[in-house]
Amino acid sequence: MATTKTSIDSISIRHRLEYVLLKGVETLLLRLPLRMVETLGRSLGSLVWLIFPVRWEVVFTNLSKMLPGLTQREKYILTHRIYRHHGYELFTYLTLSGNEMRDRIRCSAVIRGKKCLDQALTLGR
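Residues numbered from 1 in each chain as written. Predicted model: local features only at pLDDT ≥ 70, side-chain atom pairs only at ≥ 80, totals over all residues. Heavy atoms only, no water.

K.L.:
Account for the packing of aromatic side chains, with residues named and values stated.
P.N.:
Counting across every chain of the model gives three aromatic pairs. For the pair Trp56 and Phe60, a centre-to-centre distance of 4.8 Å together with 15° between the ring planes defines the contact as stacked. In this pair, Trp56 and Phe60 are both assigned in helix α3 (residues 56-66), four residues apart and thus about one turn of the helix distant. Between Trp56 and Tyr76, the ring centres sit 6.1 Å apart and the planes meet at 65°, which makes this aromatic pair edge-to-face. In this pair, Trp56 sits in helix α3 while Tyr76 sits in helix α4 (residues 72-94), placing the two residues 20 residues apart along the sequence. The rings of Trp49, Trp56, Phe60 and Tyr76 are connected pair by pair, giving a single aromatic cluster. (Phe/Tyr/Trp six-rings, centres within 6.5 Å; stacked < 30°, edge-to-face > 60°. Helix = DSSP H or I, 4+ residues; strand = E, 2+ residues; numbered from the N terminus.)

K.L.:
Can you break down α4 residue by residue, with the values?
P.N.:
The terminal C-alpha atoms of α4, which comprises 23 residues, lie 33 Å apart, in line with the 33 Å expected from a rise of 1.5 Å per residue. Listed in full, the buried residues belonging to α4 are Lys75, Thr79, Tyr83, Gly87, Tyr88, Phe91, Thr92 and Leu94. (Expected span 1.5 Å × (residues − 1). Buried < 20%, exposed > 50% of the residue type's maximum accessible area, 1.4 Å probe, protein only.)

Coordinates in, geometry out; function isn't part of it.
Put into structure tokens, the structure is as follows:
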């Protein structure tokens, strides 16, 4: 069975530029407080919804099928909320790769049963 290796030379310039842009955004986001990252993500979602509504018709049609009792206005508002949520998720996801995320989680997480957790960690579980 022959294996194929992906050569760095086979990666297009466009993909390289997209990667550099994404890593740049990630680096900037890691320097910001988590609340600001979340707000920027939601704002990006609103911007995409307003200016570049990718798959807007699909989302709206699916909502119409799933929730036929909603008015047009309610579906419109829900569609906007979906876009905002996706922007929030994207920016939050980009911050997961940073070393600071562990500290962010420690600061914001509420751990119940910490004693049990510590015991499990001690036992290698």
